[in-house]
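# Examining the three-dimensional arrangement
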Amino acid sequence: PEYHAHYPHDKYTIAFPSSQSSSSQQQSGFYINLQPNTIHHSPRIEGEKYIEGESCFGRIVDEMSRNVVDRMDGSNRLSTNGRDNRGEILEEGVIIRSARIVGV
């Protein structure tokens, strides 16, 4: 999947990590944007290296589900950088029991 400007990385959007993302993001298969992140996930040049964009493929639309995501964001996380507990991986797993397409 490729980045597309019509699908920006807004808060509560769901995206695939690129092959250049951290290994923990690649292992999860997808991530949820907790803030507007288009500037961090669109195609760009960093130094002399081209960074490919990451594709958004969904959005969390209902308020109840957004509340769950907000609670997950406040959960404890494993340290992925050796300095703090604000890493990318939650200490406890979260099971997504269902998801559905509500429009295209």
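Residues numbered from 1 in each chain as written. Predicted model: local features only at pLDDT ≥ 70, side-chain atom pairs only at ≥ 80, totals over all residues. Heavy atoms only, no water.

### Notes on the environment of Ile32
- Note that Ile32 resides in strand E2 (residues 31-32).
- Measuring from C-alpha to C-alpha, the distance between Ile32 and Cys56 comes to 9.4 Å, with 24 residues separating the pair along the chain.
- Apart from the residues within four sequence positions on either side, Ile32 is in contact with Tyr12, Thr13, Ile14, Ile60 and Val69. (Helix = DSSP H or I, 4+ residues; strand = E, 2+ residues; numbered from the N terminus. Contact = heavy atoms within 4.5 Å.)

### Some thoughts on the packing of aromatic side chains
- The final tally for this structure, using the stated rule, is one aromatic pair.
- On the basis of an interplanar angle of 25° and a centroid distance of 4.3 Å, the ring pair of Phe16 and Phe57 is categorised as stacked. Here Phe57 lies in strand E5 (residues 56-59) and Phe16 lies in the loop between strand E1 (13-15) and helix H1 (23-28), a separation of 41 residues in the sequence.
- Owing to a relative accessible area of 31%, Phe16 belongs among the partly exposed residues under this scheme. (Phe/Tyr/Trp six-rings, centres within 6.5 Å; stacked < 30°, edge-to-face > 60°. Buried < 20%, exposed > 50% of the residue type's maximum accessible area, 1.4 Å probe, protein only.)

### With respect to the pattern of salt bridges
- Under the criterion given, the structure shown has two salt bridges.
- Among the ionic pairs, Arg44 bridges to Glu46, the shortest N-O distance being 2.9 Å.
- On the accessibility criterion, Arg44 (23% relative accessible area) is partly exposed. (Salt bridge = Lys/Arg side-chain N within 4 Å of Asp/Glu carboxyl O.)

### Observations concerning unusual backbone geometry
- Backbone geometry places Tyr12, a non-glycine residue, at a positive phi of 70°.
- Its location among the elements puts Tyr12 in the segment before E1.

### Some words on the sheet that holds E5
- Spatially, E2-E1-E5 is the arrangement adopted by the three strands of the open sheet, whose pairing is antiparallel. Edge positions in the sheet fall to E2 and E5, since each of these pairs with one other strand and no more.
- Of the pairings in the sheet, the one linking E1 to E5 comprises three bridges and is antiparallel in character. Residue pairing in the sheet places Ile14 in a bridge with Gly58 of E5. (Pairing = 2+ DSSP bridges.)

### Here's the deal with the environment of Pro36
- The topology assignment puts Pro36 in the loop between E2 and helix H2 (38-41).
- Its relative accessible area of 63% is what places Pro36 among the exposed residues.
- Separated by 25 residues in sequence, Pro36 and Lys11 have C-alpha atoms that sit 5.0 Å apart.

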